[in-house]
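Summary of the model geometry
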Amino acid sequence: MSNQIILLVEDNPDDVELTRRALFKSNILNELIVARDGAEALDWLFCRGDFVERDPCQAPAVVLLDLKLPKIDGLEVLRQMRENTSTRMLPVVVLTSSREEQDVISSYKLGANSYIRKPVDFNQFVDAVKQLGLYWLLLNEAPPHKRAG
Amino acid sequence: MSHGERQKSLKRTEPISSNSELNGNETSGFGPQESLRALSSVFERSPVGNLLFSPDGLLLSINASALQIFGMPSESAGLLIGCYNILNDQKLPDEISRVIKRGFQSESVEFSNDVLSNDGMLQVIGQDVQPKSIWASGSIYPVMDDSGQSSAVILEVRDTSDAKREEDELRSNEERFRILSMATFEGIVLLVGRYAIDVNEAFEKMTGYDRSEIVGTDGQFMVTPESLIAISEHLATGSSEPYEVDVIRKDGSIVPVEVIGRSIEFKGRTIRVTATRDITERKIAEEALRESEERFKSFFESSPVGLAVFDADLRYISVNKTLADMISIPVAEHIGRTPSEVLSKWPKRIPRRVESILKSVIETGEPVVEAEVVGEGHRKTARNVLVTAFPLVKVNGEVKSVGNVVIDITDRKRTEEALRQSEARFRILADSAFEGLIIHYEGVFLDINDACLKMMGYKRSEILGTNVADYLTPESTTKVMSHVRAGSEEPYEIEIIRKDGTTFPAEVRGRAMYYKGISARVSYVRDISERKKAEDELRQSEARFRTLADSAFEGLVIHDYKTIYDVNSAFIKMTGFERQQLLGKNPGDFLSKESLEVILSHAYQSLEEPYEVTILRKDGTSFPAEIHSRDIDYKGIKARIGSIRDISERKQAEDALLESEERFRVTFENAAIGMTILNEEGRITAANPAIEKMLGYERDALLGVIPIEFTHPDDRKSDLKLFNDVIDGKIVSYKKEKRLIRRDGEVVWVRVTASGIRLREQSFVVAMTEDITERKKAEAELQMLAAELENRVHERTAQLEAANLRLKELEFIVNKSSSVAFLWKAQEGWPVEYVSENVVQFGYTPDDLMSGRIKYASIIHKDDIDRIANELEYYAAENKNEFIQEYRILAASGELRWVEDNTWVRRDSDGRITHYQGIILDVTKRKQAEEERMERTLQLEELNKEMEAFSYSVSHDLRSPLRSIDGFSLALIEDYIDKFDPQGKDYLQRIRTGAQRMGMLIDDMLRLSRLSRSEMSIEDIDLSAMANQIASDLKEREPDRFVNFVIEPGMIIKGDKNLMRMALENLMDNAWKFTSKVTEAIIQVGLTCHDDESVYFVKDNGAGFDMSYAPKLFTPFQRLHSVTDFPGSGIGLAIVRRVIHRHEGRIWAESSVGQGAAFYFTIGLKSGLASVAVRKKSDPLS
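Residues numbered from 1 in each chain as written. Chains lettered and ligands numbered in written order. Predicted model: local features only at pLDDT ≥ 70, side-chain atom pairs only at ≥ 80, totals over all residues. Heavy atoms only, no water.

1. Concerning the overall build of chain A
Broken down by element type, chain A carries five helices and five strands. Order of helices (α) and strands (β) in chain A, N terminus to C terminus: β-α-β-α-β-α-β-α-β-α. Residues counted as buried form 52% of the 149 residues belonging to chain A. Put simply, of all contacts in chain A between residues at least 6 apart along the chain, 65% involve residues at least 24 apart. Counting only carbon and sulfur atoms, one obtains 49% of the accessible surface of chain A, whose full area is about 7400 Å². (Helix = DSSP H or I, 4+ residues; strand = E, 2+ residues; numbered from the N terminus. Buried < 20%, exposed > 50% of the residue type's maximum accessible area, 1.4 Å probe, protein only. Contact = heavy atoms within 4.5 Å. Areas by Shrake-Rupley, 256 points an atom, 1.4 Å probe, with all protein chains shown as cover.)

In structure tokens:
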């Protein structure tokens, strides 16, 4: 469990910090990689731009994806992930403030595995992150890892 | 007993009780003084007149009744008492005076119906009072004192005038009745019960019985049994209606009698006075009238002429069948209607003419005789009728009804017409003859032909009507008269005088003949001047021929078989020889060999029979001749004279005849039409194969038969008459179409042309029979077709008329409507064929368009024309014949108008589009409104989008900082708890609470805004089930609370399930919340009705609220209670109101503090009442 990576796509540093804290408080101590916008997230996922050097075999156990992002928004990130064979099967949990019906539907349509609304009450947030980590990192059987080359 | 009656009865008893009081007084103390008063009171009040006199006659007392009887005023009593002396009253009638005197002589006397008078009293009082005689009864008696002396005399008087008068009247009535009953002609019987008590003389006379035989009987023997019943009935009912009975006289004869009875009271008994009247005469008259009416009726009904009776208003009272048949309108349809009404389908002038005839009769009272009315029925059957009208019933000189006789003379007219034509034919025939022809009646010229006029040198007009004798020599006149009288048909000669006075001989042959209905004489006249001249000349010729004058035209040869002695010029002419070549020659030289032998054989036998020979001419030809020879003494020689007649022409004629006969025979035999020859008896003497074939009989079966046997029974009628007319020479021929019946029973239509011929002194009729069955069939078919055609024309005309009318109505409607009707051709530019007048609303006149000046396409907006054309092509390809298009057209003012065009496509028989038919409606205003609406919708959509973007960013961006505040505050509490004192910790907690609360507010706000935007899906909602669900959710949430939910079952509404649940949840949640401090909480969800509207409610018995805050209740974030008392964001009711509004309903609340609250709402969507119905149906117990 501990060697698995979590990719958090989030532009708000407060939310990054709170997520980190929530993970920590839930004893999820996996490596957390943070992408500050959609473009960075895609570059990281597809090992390009600043992340050309990255080992493509190092895939995250779960991607925590905010929808409202600078440059490329979360839904577009999700769409490109699902179009690319290397990222098609990655578990994606949409983690966002919005509870707009439209966002929920679009996310699932594009192949999100889960949709979680960030509650204002931090205790509830910690609870949610705890559940999420337990499920995706521990209970869920990840898709067989594909190694390029 | 009613109250009023009780009152009355009480009152009635009062006098009695007072009387008894009086009686009581009487018995208690009754002295002499009282006794006298009582007596005088009785005296005073007595209804009997009482007068008290002293023994010497002086009036001592008189009571009111007596005064009244005597007609005296009441105040006169004082004047009379002591003054009036009855014994001295000289005015009293003697009789009563005597009675009174006796009274005064101590005798008690009664009197009845004696006359009193007041004259004596009047003398005493000397006042102006009416004198009066009184019929009175009464008594007078003395009052005796103890000594037996009369102390006073009392006169009691009763007025009997009325009784007396009645008695007199009765007596006089009885007398009158007696006299009357004796004098009257009517038989009178008086009956008591059933028995006769009296009869009068008339009755005795009527019945033949004596009075004594009738009186005392019930008269049963005098009436027939039937009458007895009638009498019993009338006696039983006491009826005074007249009725009829049959009376049996003493002699056994029966007399009809009319009886009228009346019951009267007579001498205290009910008497029936029965008057009887012998009505034999009347009965006879009635019977005659009935018979006459019957006769008239049967005449009326069976008359061959049309009969009708009209009232003064020209309405049919009655009409017979003949007339009804004549015009083919049933009898019943005439009655009560005028000719104009009855003949409504006929040309108007016919009934009008009839009505004018009737009117003239009514106005003048004079009959109109045989006015001719030519009518044309609606079936084009011309009818000529003679109408005779005459006044039938006149009252006071006014005509009340008109009789009308109508004779159909159509057939007569036709015959007359035919006759006229036949006459014309006859005239032509007669005029074309060379022979003179005259027709005269008793010597007066009726007719004369051209040939005869020519002979006589007169004109027809000069001759007609003049006497035959004027043109004849006296001898000739005598001759003619004798022939005419004898009826001779032999020819004879007369001398006729020409106009120029010259005369000429003529041969005349006359015969009788019917001419225009009279037995005239037709005479053929031949001018024989030439012949006469010849005859005269002959007479003057040689002497030796004088004896042979008769044979002057014939050739004469005198010979002795060896030598010819003489010949006449005729013979010379015949033979062509010169006289010298003939004389002295042997006759044999001029004869054929055979002829010579014949001649010789005749000569030897001295035969004088004529015989035929062949004589040779000079030119070697020969001619047949007939020779009459006889011996003659010629200049002393015994010779023979032969008169020779050239019979070549006769021979030729005979040959021709033979030939002709043969020809006829061949024609007869081979003719395609049936031919028969009938003898005078009408029997077939010859028949040709065609007729055999036509009838299917062999010739032998036809010969001797009368053809009528083959004729169809319906056609036989006129056959015989026509045949006889031909035989009698009345007509030359006739043509007739009729049906024959073939041997096999089939019917053949034929046309028979029969002509009379005279052969060997016998009359025959040649009948030519053509089979016209086919033609008849064709004719019948044609007729049927024609009738059908006519019908169709009628129908079509009616349809057309109706259609026209409809069309006009439609046009009117169209022109009244704002829709313009167009019809334009499917040609370049769409030329307009028709447009309704209301096109003026676009500034054009119908003429602008229909004349072709403006084509329809040219007024369509340029930007639309291509689209329209494309659409038309599309519809044409789709075979759509009806569609709607919208486009702009240019009004004449240049203004653009949007129109909606309902187009129908017209196609020809090949399916090609010929016309477009459009109804064009100006929809400019609608279009403008639509555009405005569209714009508004767009604006709204924009706004909505903005709103969505706004709420999206609110939900995202507003919540993030809150999460930070909350999260980091918690981090501080958790990680740096030892750095804060308790107050610091409290502040941190407050920061967190505020952030969380703001999060909730944001969520609620978003929910509220989403509510307005989300789409609704309407379905049936079981509100009861929903409420139950929410109730159980609430109970589960706080299981330790006890709340009693009362939810009405079966509430069904129409609405959006999610929204409705949100609303109901909020309402029930509120109720749950606000009853948290009540021990026995009750929450009701139910339904009531207000003004036929279903009103749902959620009611609790919780905290309630002050109604003064009610208006704020549904405002978002408005709270009426503190958060600490009842938590909540204050958005709930705002959500409920929005949901209810979106369901087109209303919501309101009723409450007061501590009394609980009730929230009512309605659902405007189609639901309310239905839900009640459904509820009742689903729960039969409620």
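2. Here's the deal with the interface of chain B and chain A
At the interface, 22 residues of chain B touch 22 residues of chain A. Across the chain B to chain A interface the summed buried area is about 2100 Å²; carbon plus sulfur atoms make up 47%. Per-residue buried area on chain B facing chain A is highest for B:Tyr952, B:His956 and B:Arg963; these three make up 31% of the total on that side. Linking chain B with chain A are five salt bridges, by the criterion used here. The shortest N-O distance in the salt bridge between B:Arg963 and A:Asp15 comes to 2.6 Å. Taken together, the links from chain B to chain A amount to nine residue pairs in polar contact (both at pLDDT 80 or more). When residues of the side of chain B that touches chain A are traced back to their parent elements, those giving at least two are α30 (924-975) and α31 (982-1013) of chain B. The greatest single-element share of the side of chain B that touches chain A, amounting to 16 residues, is contributed by α30(B). (Buried area = accessible area lost by both parts, 1.4 Å probe. Salt bridge = Lys/Arg side-chain N within 4 Å of Asp/Glu carboxyl O. Polar contact = N/O pair within 3.5 Å; in protein donor to acceptor, adjacent residues only side chain to side chain.)

3. Observations concerning the pattern of salt bridges
Residues and elements named next belong to chain B. All told, the structure shown has 43 salt bridges over all chains when counted by the stated rule. Its salt-bridge partner being Glu-788, residue Arg-792 comes within 2.6 Å of it at the nearest N-O pair. One end of the pair, Arg-792, and the other, Glu-788, are both in helix α27 (residues 773-816), four residues apart, so they sit about a helical turn from each other. Residue Arg-867 pairs with Asp-864 through a salt bridge whose shortest N-O separation is 3.7 Å. Placement of the pair is Arg-867 and Asp-864 together in helix α29 (residues 862-878), with a separation of three residues, close to one helical turn. On the basis of relative accessible area, Asp-864 is assigned to the buried category, the value being 4%. Bridged by salt links that share partners, the residues Glu-886, Glu-900, Arg-926, Lys-927 and Glu-930 form one connected network.

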